[in-house]
Every structure is written in C-alpha cells, then in structure tokens.
Amino acid sequence: MCELFIKADAKLWESTTRSLRIDGMVTSVRLENFFWSKLEEIARRDGMNVVQLITRLHHESIDAGHDLGNFTSFLRVCCARYLDLQLAGDVSTDLSQPIAGVDAPAILGRERLKYH
C-alpha cells in the first residue's frame, strides 16, 4: 500500500511560493505542487485563474467570519474537500462541469448528517 505514496513523483510534495495581490496587498502563498494543481483545476472549471479563485475564497471566508490565521491550511482543506466531494459523487469528475452549478445547501446538509 505505501508504495503508492512513497514512489509517487517527488515533485508533488515540493513546495512552490506564489505571490499574489488581494485587495491591493501583495501576499505570498506557499503550497505543495499537488495542491497548486488541484487549485488550478478547481479554478479552471469555473472560468477563473488561481489568483481569482484564491481571492474569491479569501473574500468569502472573511464574509463568513472565518479566522484566516492559517489561510494556507484552509486552501489545502479546500483541495481535499474537492477530491472528497468528487469521490462522494457530489461534484462531477467531468472537468468541463462548473462547480458553481452544484446544489451546495443539499451537499452541506448531507455532510452534516454524515459527520454529526
């Protein structure tokens, strides 16, 4: 089992730092390449680039009252949730299907039942 993880391409867990501008402020985000590729995939599905996606997630997180003390961890969890939602069948694996069209309230309702 571990061979699947141990012998994976080492570039997946190498980190890359990207500088981006959110609301006129330059910030740096350091993530493993695997997570950058998932963020690019998520963004592309809804016609955005990664900077646009991250900016939108940042704004919506603030609007929701989240503590953004570790925004990088939040981005990693977003990627993991994306993959989990695909496995559950709640988000299509068809990359031409936008994520914006999913029934978020229904999905979140099912998750609440599942985890509580």
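If you're wondering where the values come from, they're calculated on a predicted model, not measured in any experiment.

Rules behind the numbers
Residues numbered from 1 in each chain as written. Predicted model: local features only at pLDDT ≥ 70, side-chain atom pairs only at ≥ 80, totals over all residues. Heavy atoms only, no water. Helix = DSSP H or I, 4+ residues; strand = E, 2+ residues; numbered from the N terminus. Contact = heavy atoms within 4.5 Å. Expected span 1.5 Å × (residues − 1). Buried < 20%, exposed > 50% of the residue type's maximum accessible area, 1.4 Å probe, protein only. Arc of directions from axis to C-beta. UniProt positions renumbered as here; feature names shortened; annotations may be inferred. Salt bridge = Lys/Arg side-chain N within 4 Å of Asp/Glu carboxyl O. Pairing = 2+ DSSP bridges.

Moving on: the side chain of Glu41. Within the secondary structure layout, Glu41 lies in helix H2 (residues 33-45). Aside from chain neighbours lying at most four places away, what touches Glu41 is Tyr82, Gln86 and Leu95.

Taking 1.5 Å as the rise per residue, helix H4 (residues 71-87) with 17 residues should run 24 Å; its terminal C-alpha atoms sit 24 Å apart, in good agreement. Of the residues making up H4, those classed as buried are Phe71, Thr72, Leu75, Cys78, Cys79, Tyr82, Leu85 and Gln86. The buried side chains of H4 occupy one side of the element, clustering within an arc of 145° when seen end-on. Gly89 occupies a position one or two residues after H4 and carries a positive phi of about 85°.

Look at the UniProt record and you will see "domain: Ribbon-helix-helix" (unreviewed entry) annotated at residues 16-83. Helix makes up 59% of residues 16-83 and strand 22%. Its end C-alpha atoms lie 21 Å apart.

A separate point is the environment of Thr72. For Thr72, the location among the structural elements is in helix H4. Separated by 35 residues in sequence, Thr72 and Ile107 place their C-alpha atoms 24 Å apart. Sequence-distant contacts of Thr72, that is, excluding residues within four places in its chain, are made with Val29, Arg30 and Leu31.

Within the secondary structure layout, Ser61 lies in helix H3 (residues 50-63). If sequence neighbours within four positions are ignored, Ser61 has contacts with His66, Leu68, Phe71 and Phe74.

Below, the discussion takes up the pattern of salt bridges. By the definition in use, this model includes 7 salt bridges. Its salt-bridge partner being Glu41, residue Lys38 comes within 3.2 Å of it at the nearest N-O pair. Of this pair, Lys38 and Glu41 both sit in helix H2, 3 residues apart, which is roughly one turn of the helix. A salt bridge links Arg56 to Glu60; its shortest N-O distance comes to 3.1 Å. Of the two residues, Arg56 and Glu60 both sit in helix H3, 4 residues apart, roughly one turn of that helix.

Turning our eyes to something else, we now look at the pairing of strand S1 (residues 15-22). One face of the sheet, then the other: side chains in a regular strand alternate in exactly this way. Where S1 and strand S2 (residues 25-32) come together, 8 bridges link them in antiparallel fashion. Among the inter-strand pairings, Ser19 is bridged to a residue of S2, identified as Ser28. Hairpin connection of S1 to S2: 2 residues between the antiparallel strands, including Asp23 at a positive phi of 55°.

Our next topic: unusual backbone geometry. Positive phi values are uncommon outside glycine, yet Asp23 reaches one of about 55°. If you trace the backbone, Asp23 turns up in the loop between S1 and S2.

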